[in-house]
Amino acid sequence: MKSNLIIAGDDLNCSKKIYNTIKMKNLDVEVIGITTDGEETLKMIENANPNILILDLKMSKRNGLNVLNEIKENKNIKIIITSGEVQMINKINSANYSMIKNIFIKPFDYEILCSSIDRICANSNKRNSENIIDETLHEFCFNFSSLFYQYLIKCIEKETVYNITLKQLYNEVAKDS
């Protein structure tokens, strides 16, 4: 069974590129709508009950954080955040939004985004016992990615040029945590 997906973001070109990449990759998902503002997104979520929401944090009328707060009780929806707004991502990392499955900082690789969508679709088809393991692993990965993200922000704020290997980066993140 195909998952239903909504793409929500103020940049229509970005949303269309996400849509086209999903179609090109032939993912097991049906894009049921593309929205450009928070109010429109909330209405579509209420009417269409999607499985997956790709949510940009910067939107008119109601931003992505407002949308998240409105739907945080909906345990059936899985969310992928896309944003270039570092301060808003910091707010998300400090809150507990269990429905967020991944965060992509703009500019991002559309094919990697599609891989994330594909994993969410695959996980939704697993048995409950496997989902418990997936959720635990996700929690670990999300916590690690938050630490990694915080380290990157420190580098950006210090205007540090970083050209290091993944192992060196892991050691830096582990040292700071």
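The preceding data block contains the structure.
Here is what the cut-offs are and how they apply
Residues numbered from 1 in each chain as written. Predicted model: local features only at pLDDT ≥ 70, side-chain atom pairs only at ≥ 80, totals over all residues. Heavy atoms only, no water. Helix = DSSP H or I, 4+ residues; strand = E, 2+ residues; numbered from the N terminus. Buried < 20%, exposed > 50% of the residue type's maximum accessible area, 1.4 Å probe, protein only. Contact = heavy atoms within 4.5 Å. Areas by Shrake-Rupley, 256 points an atom, 1.4 Å probe, with all protein chains shown as cover. Salt bridge = Lys/Arg side-chain N within 4 Å of Asp/Glu carboxyl O.

**Examining the overall build of the chain**
At step 1: In terms of regular secondary structure, the chain is built from seven helices and five strands.
At step 2: If you list the helices and strands of the chain from N to C, you get β-α-β-α-β-α-β-α-β-α-α-α.
At step 3: Among the 177 residues that make up the chain, the fraction classed as buried is 39%.
At step 4: Contacts in the chain between residues far apart in sequence, at least 24 positions, make up 64% of those at least 6 positions apart.
At step 5: Counting every atom, the chain has about 10600 Å² of accessible surface; 49% of that belongs to carbon and sulfur.

**Thoughts on the pattern of salt bridges**
At step 1: Counted by the stated rule, this structure contains four salt bridges.
At step 2: Among the salt bridges present, the one from Glu111 reaches Lys25, with a minimum N-O distance of 3.3 Å. Here Glu111 is found in helix 5 (residues 110-124), whereas its partner Lys25 is found in helix 1 (residues 12-25), with 86 residues between them in sequence.
At step 3: A relative accessible area of 41% places Glu111 in the partly exposed class.
At step 4: As a salt-bridge pair, Asp56 and Lys106 come within 2.8 Å of each other at their nearest N and O atoms. Separated by 50 residues along the polypeptide, Asp56 in strand 3 (residues 52-56) and Lys106 in the loop between strand 5 (100-105) and helix 5 bring together distant segments of the chain.
At step 5: Classification of Lys106 by relative accessible area gives partly exposed; the value is 27%.

**Describing the environment of Cys114**
At step 1: Examined against the element boundaries, Cys114 turns out to sit in helix 5.
At step 2: The class for Cys114 is buried, based on a relative accessible area of 3%.
At step 3: Note: C-alpha distance between Cys114 and Lys23 (91 residues apart in sequence) is 9.8 Å.
At step 4: Apart from the residues within four sequence positions on either side, Cys114 is in contact with Thr21, Ile22, Lys25 and Leu27.

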